[in-house]
Amino acid sequence: MNQNQVNQRGVITVVRAVDALADEIVKMNIKEVFGIPGGQIMPLFDAFYGKDAKIFLFRHEQGAIHAADAYGRVTKRPGVVMVTSGPGATNLATGLANAMMDSSPLVALTGQVPTSVFGRDAFQETDIVGLSMPIVKHTFMVKKPEDLIPAFKAAYRIATDGRPGPVLVDIPRDVQLSEVKGNGSGGINVNYKGVPEPDIGLVAYAVKLLMEAKRPVMLVGGGVCWSNSTEEALAIAEALWMPIVTTLPGKNCIPNNHPLFMGPAGMHGRVEADAALINSDLVLAVGTRFSDRTVGDFKEFQRGRRIIHIDIDKSEIGKNVKPSVGIIGDAKATLRMMLELIPKAAVKNEAFVNWLKSIKEAYEKFREQDDMPGFAPWKVLKVVREVTPPYAITATSVGSHQMWSELHWDVYVPGTFITSAGLGTMGFGLPAALGAKVAKPNVPVIDIDGDGSFQMTMQNLALVREYNLPIIVVIFDNSTLMLVRHWQMLLYSRRIIGVDFQANPDFIKIAEAYGIDGVRPSNYDELRSSVSRAIRNNEPLVVDVTIDRERDLVLPWVQPGKWLAEVTLPDGFKVNLRYGDGNE
Amino acid sequence: MNNYKISITLLNDGSVDPLVRALNVIRRGKVNVKSIIMSSNQNHVNVEVYVEGIEDEVNWVCNKLNKLYDIVNVSYTTSISIPKVQSLQVGERNG
Ligand SMILES: Cc1ncc(C[n+]2csc(CCOP(=O)(O)OP(=O)(O)O)c2C)c(N)n1
Ligand SMILES: [Mg+2]
């Protein structure tokens, strides 16, 4: 196939591989891409000239890839990021690992030095394919112009094939510039995985175990969002009146105001969720990889309780926890099958749920009475949540502010809470919020950030005015890397080192430098009115909330490797976590 | 701890990338690699990895390998005696 075209002056122009790719990208209805150009990716940028796709120019490649990651989470279609070779490509490493850990679909297009100088340490040559292999789903090194479109299409498909994740396509400059001859896809040979059908025999066995259980608990992971199975999960929980606990990504999959929702369990989880798991005799785990952060002590978790594990990824079954029954399949299909088999008049253990709710109420009451001077993190979240529409999207960075959000930010609409759970990447929040805003321009987007995290990617604030992306950034400004400080206080005998900031910049001035209003509220009313005004007027805002680091201990907290029953509770809050001690 | 042979068939794309990807997975498994034998033809690369470890881990490694997009087939068998490695002798002679 000769793809040469005749331009307006009648001159025959060569269709470079990148021109064909840019056309294809537009044809695939990919209208937004993120990135930063440089020598080796200039042809691809050039190919987008005048095309019906918008390039969002970030100020650091890490920002661009986190935005693509969030875009993928919000739209469930891979975000696309384009960067140059060498430093452009290596700046993607954190973002690739982040997307991999949180199963987020994206395609990274990296420029590469021309094939003629491969391996010669050419200017800005980095073996990004070799570097990224262990932290992505798949990589393509495109060696022939004919392979460029097939490689991109395969990458795009792989990114959401089965369990989502990032795919990298490395494109040497000479390949980008070469004329496409023929329609070859010979070099691109891929074994797609697809989604296995759940085994009906195992599903029936799982239902049998479920019906035998006295205190079954559902553990929901991020896979429930990806398979769009919130409804099915709720239907099963309601049929058995089974409490639902979640992982950190799973918090995003269940409306947090549902009566059976007990919150996330684990290291920074809610006590009622920990209590549910501790006292369960069966855990129905859906779309989760059983992170050490959720379970703490794997041995203790397996003692005296049956586990049903449903996951799309075969390698997750039995990886950390050995289930009584492991079902490989899409969560939605599997839960639907289970639902069919659950008797309509199944027994409901209301007493167990009521007991868990009493713990929840006691904890909430304790927090309300706790009058921390200045701003209390949980109350900041409560106030901001009250003035934020339920459908708003929230992104967070990583640190104590994220853990407070895990505990106290209510997610009402599944899919609206974006956080770096698996990799725990500081600096994720702001670019993720920007990516979410690109994906859903009409939805308010809030970034809950830490002062440390914010400073890692804050240069991307420039995009707010550049592209009219009015997001709201709430900085929990405790002048420290609080979560590390927390560990130093509780695990390293208060030997505080290398965490406190003596000279933080003025975040209000930073905001103003980017043409954004900044406020430093002195009380909750000011906080409430400034955030609600920004939402009402669809205006960007940076809110600098001063928090006393000496009092910013995010509790309850389960020490790494410890069993949930060993949870450290906030001072002054007592609760018996054993069901059946006459306390129900 | 037992000995296992992991047999892997990969697509041959004319590069060592599929092989490196597979080895990257094995690197993260809790198994000791005793020997690797590899051969290839135009379409496929065949790799036999002799490892020592517990079956659970070997199984996990195989499940992880199975996720790769250039994997055609993965399986493992138990109680295989590890072949003597020719290259070691060469190394000794050179050293
Ligand atoms: C890129 C990166 N570097 C280091 C860490 C380790 N770490 C985890 S939380 C944290 C503190 C985060 O500080 P900040 O953003 O101010 O949030 P805070 O804990 O104070 O709320 C650090 C340093 C990390 N998660 N990511
Ligand atoms: Mg901080």
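Residues numbered from 1 in each chain as written. Chains lettered and ligands numbered in written order. Predicted model: local features only at pLDDT ≥ 70, side-chain atom pairs only at ≥ 80, totals over all residues. Heavy atoms only, no water.

### Some points on the domain arrangement of chain A
Size of an interface, as often reported, equals the accessible area lost when the parts are brought together.
All names here are of chain A.
Then comes step 1: Segmenting chain A into domains produces domain 1 (5-177), domain 2 (200-349) and domain 3 (374-547).
Then comes step 2: Its C-alpha centre places domain 1 at a distance of 30 Å from the equivalent point of domain 3.
Then comes step 3: On the domain 3 side, the residues contacting the 24 residues of domain 1 number 26 residues.
Then comes step 4: The junction of domain 1 with domain 3 conceals about 2,000 Å² of combined surface from both sides, 68% of it contributed by carbon and sulfur atoms.
Then comes step 5: Looking at the side of domain 1 facing domain 3, the largest losses of area belong to Arg59, His66 and Val74, adding up to 29% of the total buried there.
Then comes step 6: Here domain 1 is connected to domain 3 by one salt bridge.
Then comes step 7: With its nearest N and O atoms 2.6 Å apart, the salt bridge here joins Glu466 to Arg59.
Then comes step 8: Mapped by element, the contributors of at least two residues to the side of domain 1 that touches domain 3 are β3 (32-36), β4 (54-57), α3 (61-75) and α5 (93-101). (Domains from an automatic or database assignment. Contact = heavy atoms within 4.5 Å. Buried area = accessible area lost by both parts, 1.4 Å probe. Salt bridge = Lys/Arg side-chain N within 4 Å of Asp/Glu carboxyl O. Helix = DSSP H or I, 4+ residues; strand = E, 2+ residues; numbered from the N terminus.)

### Overview of the interface of chain A and chain B
Then comes step 1: With 21 residues of chain A at the interface, the matching set in chain B holds 17 residues.
Then comes step 2: Carbon and sulfur atoms make up 52% of the surface buried where chain A meets chain B, a total of about 1,700 Å² over both sides.
Then comes step 3: Between Lys67(B) and Asp313(A) there is a salt bridge, with the nearest N and O atoms lying 2.5 Å from each other.
Then comes step 4: For the interface between chain A and chain B, the tally reads 10 residue pairs in polar contact (both at pLDDT 80 or more).
Then comes step 5: Top contributing element to the side of chain A that touches chain B by residue count: strand β7 (residues 138-141) of chain A, with three residues.
Then comes step 6: Classifying every residue of the side of chain A that touches chain B gives seven nonpolar, five polar and nine charged. (Polar contact = N/O pair within 3.5 Å; in protein donor to acceptor, adjacent residues only side chain to side chain. Nonpolar A, V, L, I, M, F, W, Y, C, P; charged D, E, K, R; others polar.)

### Considering helix α9 (residues 200-212) of chain A
Residue and element names in this part refer to chain A.
Then comes step 1: Across its 13 residues, α9 extends 18 Å between first and last C-alpha, which sits within 8% of the 18 Å expected from 1.5 Å per residue.
Then comes step 2: Taken together, the buried positions of α9 are Val203, Ala206, Val207, Leu209 and Leu210. Buried residues in α9, looked at end-on, bunch into an arc of 160 degrees, giving them a common side.
Then comes step 3: Its side-chain oxygen at 2.8 Å from the backbone nitrogen of Gly201, Asp199 defines the N-terminal cap of α9. (Expected span 1.5 Å × (residues − 1). Buried < 20%, exposed > 50% of the residue type's maximum accessible area, 1.4 Å probe, protein only. Arc of directions from axis to C-beta.)

### Overview of the pairing of strand β17 (residues 445-450) of chain A
Residues and elements named next belong to chain A.
Then comes step 1: Most of β17 is tucked away, with six of its six residues classed as buried.
Then comes step 2: Side-chain alternation along β17 places Val445, Asp447 and Asp449 on one buried face and Ile446, Ile448 and Gly450 on a second face that is also buried.
Then comes step 3: Examined bridge by bridge, β17 and strand β18 (residues 472-477) share five bridges and lie parallel to one another. What sits directly across from Gly450, in β18, is Phe476. (Pairing = 2+ DSSP bridges.)

### A closer look at the state of the cysteines
Residue and element names in this part refer to chain A.
Then comes step 1: The tally for this structure, following the rule as stated, stands at one disulfide over all chains.
Then comes step 2: Here Cys225 pairs with Cys253 through a disulfide, and the sulfurs are 2.4 Å apart. Across the disulfide from Cys225 to Cys253, rotation about the S-S bond amounts to roughly -115 degrees, and the bridge is consequently left-handed. One end of the pair, Cys225, is in helix α10 (residues 223-226); the other, Cys253, is in the loop between β10 (244-246) and β11 (261-264), and 28 residues separate them in sequence.
Then comes step 3: Here Cys225 falls in the buried class, since its relative accessible area comes to 11%. (Disulfide = S-S within 2.5 Å.)

### Digging into the packing of helix α1 (residues 17-27) of chain B against helix α2 (residues 55-66) of chain B
All names here are of chain B.
Then comes step 1: Packing of α1 against α2 brings their axes to within 9 Å, and their N-to-C directions diverge by 150 degrees. Classed by the angle they form, the pair α1 and α2 counts as roughly antiparallel. Seen along the crossing, α1 lies across α2 with a hand that is right-handed. Two secondary-structure elements touch here, α1 through Ala22, Val25 and Ile26 and α2 through Val61, Lys64 and Leu65.
Then comes step 2: When the residues that make up the contact of α1 with α2 are grouped by side-chain class, the tally is five nonpolar, no polar and one charged. (Axes fitted to C-alpha atoms, helices over the stretch in contact; angles between N-to-C directions. Parallel < 35°, antiparallel > 145°, perpendicular 65-115°, else oblique. Left-handed = near helix turned anticlockwise from the far one by under 90°.)

### A look at a nonpolar patch on the surface
Then comes step 1: On the surface, Leu490(A), Leu491(A) and Tyr492(A) cluster together into a nonpolar patch covering about 270 Å² of accessible area.
Then comes step 2: By the element assignment, Leu491(A) lies in helix α22 (residues 482-491). (Patch = residues over 30% accessible without salt bridge, like charges linked within 9 Å, V, L, I, M, F, W, Y side chains within 5 Å. Areas by Shrake-Rupley, 256 points an atom, 1.4 Å probe, with all protein chains shown as cover.)

### Section: the side chain of Glu146(A)
Then comes step 1: Within the element layout of this structure, Glu146(A) appears in the loop between β7 and α7 (148-159).
Then comes step 2: For the buried Glu146(A), no salt bridge is present, and the opposite-charge side chain at shortest range is Lys144(A), 5.7 Å distant. (Lys, Arg positive; Asp, Glu negative; His and termini not counted.)

### Points about the sheet that holds β7(A)
Residues and elements named next belong to chain A.
Then comes step 1: Strand order in the open sheet made by the six strands is β4-β3-β5-β6-β8-β7, with parallel pairing throughout. One side of each edge strand has no neighbouring strand; the edge strands of this open sheet are β4 and β7. When the angles between neighbouring strand axes are averaged without regard to direction, this sheet yields 20 degrees.
Then comes step 2: Inspection of the sheet shows β3 paired to strand β5 (residues 79-83) by three bridges, in the parallel sense. Residue pairing across strands places Gly35 opposite Met82, the latter belonging to β5.
Then comes step 3: Taken strand by strand, α3 contacts β3, β5 and β6 (106-112), and its axis lies near 165 degrees from that of β5.

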